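# Overview (structure and organization)
For reference, the chains in residue letters:
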Amino acid sequence: MPARRLLYLDASRLTAYRWRPGTPHEEASFSADESGLSAFGEYLQQQRPSVFYLLVDVADEGFQLESVPYVQGRDRQGLINRKLAQYYYGTPLTMAISLGRAKEGRRDEKMLFAGLTGYTHIEPWLQVMREEETQLAGVYSMPQVLAGLVAKLAGNNGQMLVMSITRAGLRQSFFDQGQLRFSRLTAMATGRIEEVATACAAEANKIYQYLAGQRLVARDKPLQTLVLAHPAQFGIIGDRCRNTTERQVLLGDLVAEAKKHGLAKAPTDSKGDNLFLHLLAKRPPSQQFAPTAERRYYRLWQARFAINVAAAGLFGLCLLFAGNHMANFTTLTEGNRTLQTDIDLGERRYQDMMQGLPPVAIGQDNLRALTDRYESLARRSSGPEPLLQHISRALGHAPKVELTQLDWRIAGHPGEDRASAAGKTSAAPSPAATGNGYAIVQLQAQLPLAMASDHRSQLETVNAFAAALVGNGIQVQVLSLPFETESGKSIKSSEVSSQVEPPKFVLRMVQAL
Amino acid sequence: MNIVASDFFKLRWNLAILVLAAIAGVAMVMGSKRLVTQTETTQRQLSAQQREIRAKLSRARDEEQEMRGKITLYRQLVDRGVIGQEERLDWVEQIARIKSARRLLDLQYDLSPQKAIDETLLPGSQVADGYEFMASTMKLRMSLLHENDLLGFLADLRQAVHAHLLVRDCALGRAASAASERGLPAQLSAECTIDWITLREKKK
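Residues numbered from 1 in each chain as written. Chains lettered and ligands numbered in written order. Predicted model: local features only at pLDDT ≥ 70, side-chain atom pairs only at ≥ 80, totals over all residues.

Of regular secondary structure, chain B possesses five helices and six strands. Reading chain B from its N terminus to its C terminus gives the helix and strand order α-α-α-α-β-β-β-β-α-β-β. When the 204 residues of chain B are sorted by exposure, 26% land in the buried category. For chain B, contacts bridging at least 24 residues in sequence account for 72% of all contacts bridging at least 6. (Helix = DSSP H or I, 4+ residues; strand = E, 2+ residues; numbered from the N terminus. Buried ≥ 20, exposed ≤ 12 C-beta atoms within 10 Å, placed from the backbone. Contact = placed C-beta atoms within 7 Å.)

Scanning chain A from N- to C-terminus turns up 13 helices and 17 strands. Among the 513 residues that make up chain A, the fraction classed as buried is 34%. Counting contacts in chain A only where the partners sit at least 6 residues apart, residues at least 24 apart contribute 70% of the total.

All names here are of chain A. The strand order across the open sheet formed by five strands is β11-β10-β9-β12-β13, and the pairing between neighbours is mixed. Two strands in the sheet have a free side with no partner beyond their single neighbour: β11 (179-186) and β13 (247-253). The sheet shows a mean angle of 20° between the axes of neighbouring strands, taken without regard to direction. Of the strand pairs in this sheet, strand β9 (residues 159-166) and strand β10 (residues 169-176) are connected by eight bridges, and their pairing is antiparallel. Of the residues in β10, the one forming a bridge with Met160 is Phe175. (Pairing = 2+ DSSP bridges. Axes fitted to C-alpha atoms, helices over the stretch in contact; angles between N-to-C directions.)

Attention shifts here to the packing of helix α9 (residues 296-355) of chain A against helix α2 (residues 12-58) of chain B. At a minimum axis separation of 7 Å, α9 of chain A and α2 of chain B run at an interaxial angle of 15°. Our classification of the angle between α9 of chain A and α2 of chain B gives roughly parallel. The element α9 of chain A and its partner α2 of chain B pack so that their crossing is left-handed. (Parallel < 35°, antiparallel > 145°, perpendicular 65-115°, else oblique. Left-handed = near helix turned anticlockwise from the far one by under 90°.)

It is worth spelling out the environment of Gln114 of chain B at this point. All names here are of chain B. By the secondary structure assignment, Gln114 is in the loop between β1 (106-111) and β2 (115-116). Gln114 gets classed as partly exposed once you count the C-beta atoms within 10 Å, which come to 17. Gln114 sits 20 residues away from Met134 along the chain, and the two C-alpha atoms are 6.6 Å apart. With residues near it in sequence (within four places) discarded, Gln114 still touches Glu86, Met134 and Ser136.

This paragraph deals with the confidence of the model for chain B. Residues and elements named next belong to chain B. Summarising the model, chain B shows a mean pLDDT of 86, and 90% of its residues fall at 70 or more. The least confident element of chain B is strand β3 (residues 127-128), whose mean pLDDT is 58; the most confident is α2, at 93. Here the predicted complex scores 0.59 on pTM and 0.72 on ipTM. (pLDDT = per-residue confidence, 0-100.)

Further remarks concern the nonpolar core. In this structure, Leu6, Leu7, Tyr53, Leu54, Leu55, Cys200 and Leu280 of chain A are the most contacted members of the largest nonpolar core, which totals 84 residues. Among the elements that make up this core, the one with the highest residue count is helix α5 (residues 193-213) of chain A (nine residues). Residue contacts for Leu55 of chain A: discarding those within four places in its chain leaves Leu6, Leu7, Tyr8, Leu9, Tyr140, Met142, Val145, Leu277 and Leu280 of chain A. Core analysis: the next-biggest nonpolar cluster, separate from the first, contains 62 residues, Ile391 and Met509 of chain A together with Ile117 and Leu157 of chain B among them. (Core = buried A, V, L, I, M, F, W, Y, C linked by C-beta atoms within 7 Å.)

Moving on to the packing of helix α4 (residues 142-153) of chain A against helix α8 (residues 273-282) of chain A. Residue and element names in this part refer to chain A. At a minimum axis distance of 10 Å, the contact between α4 and α8 shows a crossing angle of 80°. By the angle between their directions, the pair α4 and α8 is classed as roughly perpendicular. When α4 is examined against α8, the residues Met142, Val145, Gly148 and Leu149 are found in contact with a partner set consisting of Phe276, Leu279 and Leu280. Each residue belonging to the contact of α4 with α8 can be placed in one class, and the counts come to six nonpolar, one polar and no charged. (Nonpolar A, V, L, I, M, F, W, Y, C, P; charged D, E, K, R; others polar.)

All names here are of chain A. Counting buried positions along β9 yields seven of eight residues, so the element is predominantly enclosed. The turn linking β9 back onto β10 is made up of two residues. Taken together, the four bridges between β9 and strand β12 (residues 223-229) define a ladder with parallel strand orientation. Residue pairing in the sheet places Leu161 in a bridge with Thr225 of β12.

Residues and elements named next belong to chain A. Judged by pairing direction, the sheet is antiparallel, and its three strands sit side by side in the order β5-β7-β6 without closing on themselves. The open sheet is flanked by β5 (61-68) and β6 (94-101), the only strands paired with a single partner. Across the sheet, the mean angle from the axis of one strand to that of its neighbour is 20°, orientation sign disregarded. Sheet topology note: the β5/strand β7 (residues 109-116) ladder contains eight bridges and is antiparallel. Within the sheet, the bridge partner assigned to Gln64 lies in β7 and is Phe113.

The end-to-end C-alpha distance of α2 of chain B is 67 Å, a good match for the 69 Å that 47 residues give at a rise of 1.5 Å each. By the burial criterion, the buried members of α2 of chain B are Leu18, Ala21, Gly25, Ser32, Val36 and Thr39 of chain B. For α2 of chain B, the elements touching its buried residues are α9 of chain A. (Expected span 1.5 Å × (residues − 1).)

Between chain A and chain B, the contact holds 70 residues from the first and 66 residues from the second. No other element matches the 33 residues that α9 of chain A contributes to the side of chain A that touches chain B. When its residues are assigned to classes, the side of chain A that touches chain B shows 35 nonpolar, 21 polar and 14 charged. As judged from the five bridges shared by strand β14 (residues 402-411) of chain A and strand β5 (residues 164-174) of chain B, these two strands associate in the antiparallel manner. Opposite Trp408 of chain A, over in β5 of chain B, you have Cys170 of chain B as the bridge partner.

On to α9 of chain A. The first and last C-alpha atoms of α9 of chain A sit 84 Å apart over 60 residues, in line with the 88 Å expected at 1.5 Å per residue. Considered for burial, the residues of α9 of chain A that qualify are Tyr297, Ala311, Phe315, Cys318, Ala322, His325 and Phe329 of chain A. Where the residues of α9 of chain A are buried, they touch β8 (135-141) of chain A together with α2 of chain B.

Bringing unusual backbone geometry into the picture now. Residue and element names in this part refer to chain A. Even without being a glycine, Arg107 presents a positive backbone phi close to 60°. Residue position: Arg107 is located in the loop between β6 and β7. Phi is positive for Gln177, which is not a glycine, with a value near 55°. By the element assignment, Gln177 lies in the loop between β10 and β11. Note on Gln177: 15 C-beta atoms within 10 Å, which makes it partly exposed.

Next comes the structure, spelled out in structure tokens:
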């Protein structure tokens, strides 16, 4: 944050303060002449990064109370601008304060139109500030600052005249329900407390008459008049500013107020300059007098500040996200390290176990692949012996059966015949071929000639032989019988044939390897 | 306040800082996110590896036994000459020796050139890592007194030659009656197809 500097402008000079929390510290003072303005320009150059608050404490100010129709938006702004131009022609240092809407009638809005009418006195200082591109937060008047103090002092109930003392003189500010209605400044010739105390009584009378004339106060009851002063000077003020039928004097402890509002150094007399400057810096009023053009560089500073805050915020947010990611990353990395250690340990244990194996001139993976493939091949390599032996045993139980032809082969599919197997030497294997394959035997046999006329015996013998062949995972299929009993086939008598042949049949055996 | 072009010029460094902060911040977030994603991927891979190695360890004893068996088989294949070059001269000599020893009636054969093994015999691939399965197909015709002549011949051949024998098919039938060298007529005739399989180191 840049340094905050307060500029206090009275009728004769402008005094610059550096504000630190609780302490406005006077840095320089400039007279309202050519040399003073020049020195002020140099001062502003030196303090260019600071934000400035201009507090004007002069007699040339005006307050106009008026009820205006309640409008909103551009119409309202237009109305306010017209009223301000009407009341304060010749000065751009104006503002309108809304005092709320009336509770009766058409509920007009009560407005206080205020203006710093001594623009010719203020303008040279503003001119220097414009030239130096000063970051002017706003132009404020003393009654605005007092309003903040009074709001806490007297609450929002009743009417009160507050008399405050500054180096500019004796200021009388009238508040109704805690809201500023009117203020005027009376310059003091010497500024001594005796003069101020005397002026208190006189000015209180005058302003009472004015307020009564404006019907801002009722004549039938005394106006509460609060004089802010140092406790040591209560006596002289009390003596010279007594209660009357028109006023009820209250003495406000300036030191206590300063302490209450956090001013580090208590005032030594009844002048409240430092307290009011402190209040301005601590809680600047929401409204101020300077037109937009005067505050251009302050607005730029605000934009710059907002951009910087946005950049810092964005970067910080990203940093938070990235930090969160990095925390996750650290946790994950730690976990990965543990996992890797576990894996390495496991690998070592496994290698230790495998190192006990006999040495061989081939890698383990290659060895596994090679032997697996070989074993797959070996399972198909049993040759015809097992099935032939099986057939031989079956023949032992079927002495009437005589083999004439036996075709043994291995095939990828149980339904594969010899012709298709021969034509498929290089074709892709059938789905079933992914197993170990099949041994297939096509067996041609015949029965004794003596059985040629005994069809029933033929069928019984063939069926018994086929049944004897079944077993050990062998499936047997009768491809042809010596005598066909099926309805779909024709039968011829043996006398039709000139030559009688032994009954023949064909079987097919399939065994999964 | 209306911002005019000259104001933007005065704010240029701040705007540049904002842009830089945004770029740096987003890059930082994306970079760190990328790191996390990569590390998560690595963690998934490592977890899979860990599961794998744990499973491997749990079956290590069985695997050790299995590997011992495979090594034994490998050595047998080397000793039997199944792994290595074909020894055709030896094969022919062994066939002649067995024919003579068993006093076989007649034996004729036709051995084809070596080629990669037929895929129907070894589905999947003819290549095991580093080795190719090669086969020389033999057409064998025999005249037999008895079927045991064939079975005995095949058994002797398996024992004697440096190759793995795979009989693909055999057809046995009754022979036409004719006297043989031994004076006895052949009772049976046999026609077989036999693959002589060897494993050849794959050329790189």
